[in-house]
Amino acid sequence: MRGGRKIYKAPLQESLEMKLLIIGPQASGKGTQANRIAKHYGIPHFSTGDLLRAEKASGSALGREIAARIDQGEMVPDELIWNMVKPHLDAHPEGWILDGYPRTIRQAEILDDEVSIDHVILLDVPDEVCIERISGRRICTRCGHIYHLKYSPPRREGVCDLDGAPLKLRADDTPAAVKKRLADYHLKTAPLIDHYAAKLIRIDGRPGIEEVWTSLRAALDTALE
Ligand code: AMP
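All values reported here derive from a predicted model rather than from experimental measurement. Just so you know, the residues in each chain are numbered from 1, in the order the chain's sequence is written. Only residues with pLDDT of 70 or above have their local features reported here, since the model is predicted, and side-chain atom pairs are shown and tallied only from 80 upward, although totals for entire chains, interfaces and linings are computed over all residues. Calculated side-chain values reflect all of the structure's heavy atoms, with hydrogen atoms and water omitted.

## Observations regarding the overall build of the chain
Logical step 1: Each helix is a run of H or I in the DSSP string that is no shorter than four residues. Each strand is a run of E no shorter than two, and both are numbered from the N terminus. What the chain contains, in helices and strands, is 9 helices and 8 strands.
Logical step 2: The size measure is the radius of gyration over C-alpha atoms, and the globule rule it meets is 2.2 Å times the number of residues to the 0.38 power. Radius of gyration (C-alpha) of the chain: 17 Å, near the 17 Å computed for a compact globule of 225 residues.
Logical step 3: Overall, the chain is about 50 × 35 × 30 Å in size when its C-alpha atoms are taken along their principal axes.
Logical step 4: Here, two residues are considered to be in contact whenever any of their heavy atoms come within 4.5 Å of each other. Considering only contacts within the chain whose residues lie at least 6 apart along the sequence, 67% involve residues at least 24 apart.
Logical step 5: The Shrake-Rupley method, run with a 1.4 Å probe, gives the accessible areas here. Residue values count only the displayed protein chains as cover. In the form shown here, the chain has an accessible surface area of approximately 11500 Å², with 54% of it arising from carbon and sulfur atoms.

What follows is the structure, given as structure tokens:
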């Protein structure tokens with residue numbers, strides 16, 4: 001184990017030790033940017049949305065309970081989500097990027113009791129841009145890969161490039177569910193911006209993927225110096 005936390009100047013091929021959160025409204029690009037961060041800095045990426053969708057797809061009793069909530073755009077209970085996330089964090093004490101958690105102040109308190117977060121990335125995107133992005137989003141019915149009809153279309157319309165399975169609108173990307181999720185974001189998740197003010201890295205999430213990644217990486221490198 002390398003000593004201490006002050007190893008951020010290590011070459012990029014080497015994994016860095018850091019615990020990061022990425023927050024932002026639906027379709028702000030959290031998953032895409034978190035993936036890039038994970039690859040670039042060599043840390044695992046955990047997405048609560050992906051964990052929940054995997055449980056839902058398994059068809060377990062828990063999965064059915066989860067599906068009833070997430071398909072309506074409702075949050076799952078704080079304790080349930082924490083029990084799902086905790087084993088992953090425990091398995092990687094050296095660090096990770098967590099995407100989709102916390103989503104409420106209560107969830108942040110549960111997390112803060114267990115670990116010390118280094119930085120919190122906020123992807124700032126106005127609601128109208130989120131709605132426009134969500135309406136074009138399509139998900140592979142088999143592997144879960146996400147496409148966008150305008151920004152990252154599949155090679156063949158309606159078919160996943162990776163496994164040839166059909167694409168569909170995510171169950172919680174319907175206009176009614178999106179309205180509920182954005183309202184919840186402003187009411188319950190946005191207060192995290194003040195909660196983590198001292199650790200916050202605010203990024204304009206409106207430009208394209210590459211442009212956002214360039215500013216995000218520069219800001220994170222500066223924060224890690
Ligand atoms: P996402 O893929 O991050 O948009 O998450 C999809 C859905 O999973 C959300 O709309 C919620 O229903 C549920 N979910 C994900 N993360 C959490 C969380 N931290 N707390 C409660 N519900 C969550």
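## Details of the site of the ligand
Logical step 1: What makes a residue near a molecule or strand is one non-hydrogen atom of that residue sitting within 4 Å of it. What surrounds the ligand is a group of 16 residues, the closest being Thr48, Glu74, Gly100, Arg103 and Gln107.
Logical step 2: A 3.5 Å cut-off defines polar contacts: any pair of N or O atoms within that distance qualifies, except that in protein one atom must be a possible hydrogen donor and the other a possible acceptor, and neighbouring residues in sequence count only when both atoms are side-chain atoms. Taking Val76, its main chain carries an N or O atom lying 3.1 Å from a nitrogen atom of the ligand.
Logical step 3: With respect to the ligand, the side chain of Arg181 contributes an N or O atom lying 3.3 Å from an oxygen atom.
Logical step 4: For the ligand, the accessible surface in isolation is 480 Å², of which the surrounding protein chains cover 95%.
Logical step 5: Among the elements that take part in the shell around the ligand, helix H2 (residues 48-58) stands out by supplying 4 residues, more than any other.
Logical step 6: Gly is put with the polar residues, along with every residue not named as nonpolar or charged; the nonpolar set is Ala, Val, Leu, Ile, Met, Phe, Trp, Tyr, Cys and Pro, and the charged set is Asp, Glu, Lys and Arg. Along the lines of polarity and charge, the residues of the shell around the ligand split into 6 nonpolar, 4 polar and 6 charged.

## Quick notes on the environment of Ile22
Logical step 1: Within the element layout of this structure, Ile22 appears in strand E1 (residues 19-23).
Logical step 2: We classify Ile22 as buried; its relative accessible area is 1%.
Logical step 3: The residues contacting Ile22, other than those within four sequence positions of it, are Lys30, Gln33, Ala34, Ile97, Leu98, Asp99, Gly100, Ile121 and Leu123. A 1.4 Å probe rolled over the protein chains alone gives each residue an accessible area, and that area as a share of the maximum for its type sets the label: buried under 20%, exposed over 50%, partly exposed in between.

## Examining the packing of helix H4 (residues 78-91) against helix H5 (residues 105-114)
The packing of two helices is summarised by the inter-axis angle and the distance between the axes.
Logical step 1: Only C-alpha atoms enter the line fits that serve as axes; for helices the fit covers just the stretch in contact. Angles between N-to-C directions range over 0 to 180 degrees. One can describe the packing of H4 onto H5 by two numbers: an axis separation of 11 Å at closest approach and a directional angle of 30 degrees. Relative to H5, the element H4 is oriented roughly parallel. H4 and H5 meet at a crossing whose hand is right-handed. Where H4 abuts H5, its residues Asp78, Glu79, Ile81, Trp82, Lys86 and Leu89 lie against Arg106, Gln107, Ile110, Leu111 and Glu114. We call two directions roughly parallel when the angle between them is under 35 degrees, roughly antiparallel when it is over 145, roughly perpendicular when it lies between 65 and 115, and oblique otherwise. Take the far helix as your reference; a near helix turned counterclockwise from it by less than a right angle gives a left-handed crossing, and one turned clockwise gives a right-handed crossing.

## Focus on the sheet that holds strand E2 (residues 45-47)
Logical step 1: One bridge is not enough; two strands pair if DSSP finds at least two bridges between them. Strand order in the open sheet formed by 5 strands is E2-E3-E1-E4-E8, and the pairing between neighbours is parallel. Strands with a single pairing partner mark the edges of an open sheet, and in this sheet they are E2 and strand E8 (200-204). Ignoring strand direction, the axes of neighbouring strands in this sheet form an average angle of 20 degrees.
Logical step 2: In the sheet, E1 pairs with strand E3 (residues 96-99) via 4 bridges, with the strands oriented parallel. Paired with Lys19 across the two strands is Trp96, which belongs to E3.
Logical step 3: Lying over the sheet, H2 contacts E2 and E3, oriented at roughly 60 degrees with respect to E2.

## Looking at the state of the cysteines
Logical step 1: Put simply, a disulfide is two cysteine sulfurs that come within 2.5 Å. Under the counting rule described, the total for this entry stands at 0 disulfides.
Logical step 2: In this structure Cys140 is a free cysteine whose sulfur lies 3.7 Å from that of Cys143, the closest cysteine sulfur available.

## A word on the nonpolar core
Logical step 1: For this analysis, a nonpolar core means a set of buried residues of the types Ala, Val, Leu, Ile, Met, Phe, Trp, Tyr and Cys, connected via side-chain atoms within 4.5 Å. In this structure, Leu21, Leu89, Leu98, Tyr101 and Leu111 are the most contacted members of the largest nonpolar core, which totals 26 residues.
Logical step 2: Put simply, the parts of the chain that give this core at least two residues each are E1, helix H3 (61-70), H4, E3, H5, strand E4 (119-124) and helix H8 (192-195).
Logical step 3: Element by element, the count of residues in this core is highest for H4, at 6 residues.
Logical step 4: Met18, Ile37, Tyr41 and Leu216 belong to the second-largest nonpolar core, a separate cluster that totals 18 residues.

## Brief notes about H2
Every α-helix carries 3.6 residues per turn, so stepping three or four residues along brings you back to the same face.
Logical step 1: Residues of H2 that are buried: Thr48, Gly49 and Leu52. Angularly, the buried residues of H2 cover 100 degrees about the axis, an arc narrow enough to put them on a single face.
Logical step 2: Packing partners of the buried residues in H2 comprise E2, H3, H4 and E3.
Logical step 3: Just downstream of H2 lies Gly59, where phi reads positive at about 75 degrees. The arc in question is the one traced by the directions running from the helix axis out to the C-beta atoms.

## Notes on the pattern of salt bridges
Close approach of charged atoms allows side chains of opposite charge to pair.
Logical step 1: Salt bridges are counted wherever a side-chain nitrogen of Lys or Arg sits within 4 Å of a carboxyl oxygen of Asp or Glu. All told, the structure shown has 16 salt bridges when counted by the stated rule.
Logical step 2: Between Asp173 and Arg137 there is a salt bridge, with the nearest N and O atoms lying 3.0 Å from each other. You can see Asp173 sitting in the loop between strand E7 (167-168) and helix H7 (175-189) and its partner Arg137 sitting in strand E5 (residues 137-140), a full 36 residues away along the chain.
Logical step 3: The exposure class assigned to Asp173 is buried, which follows from its relative accessible area of 3%.
Logical step 4: Taking the shortest distance from any N to any O, the salt bridge between Asp161 and Arg155 comes out at 3.9 Å.

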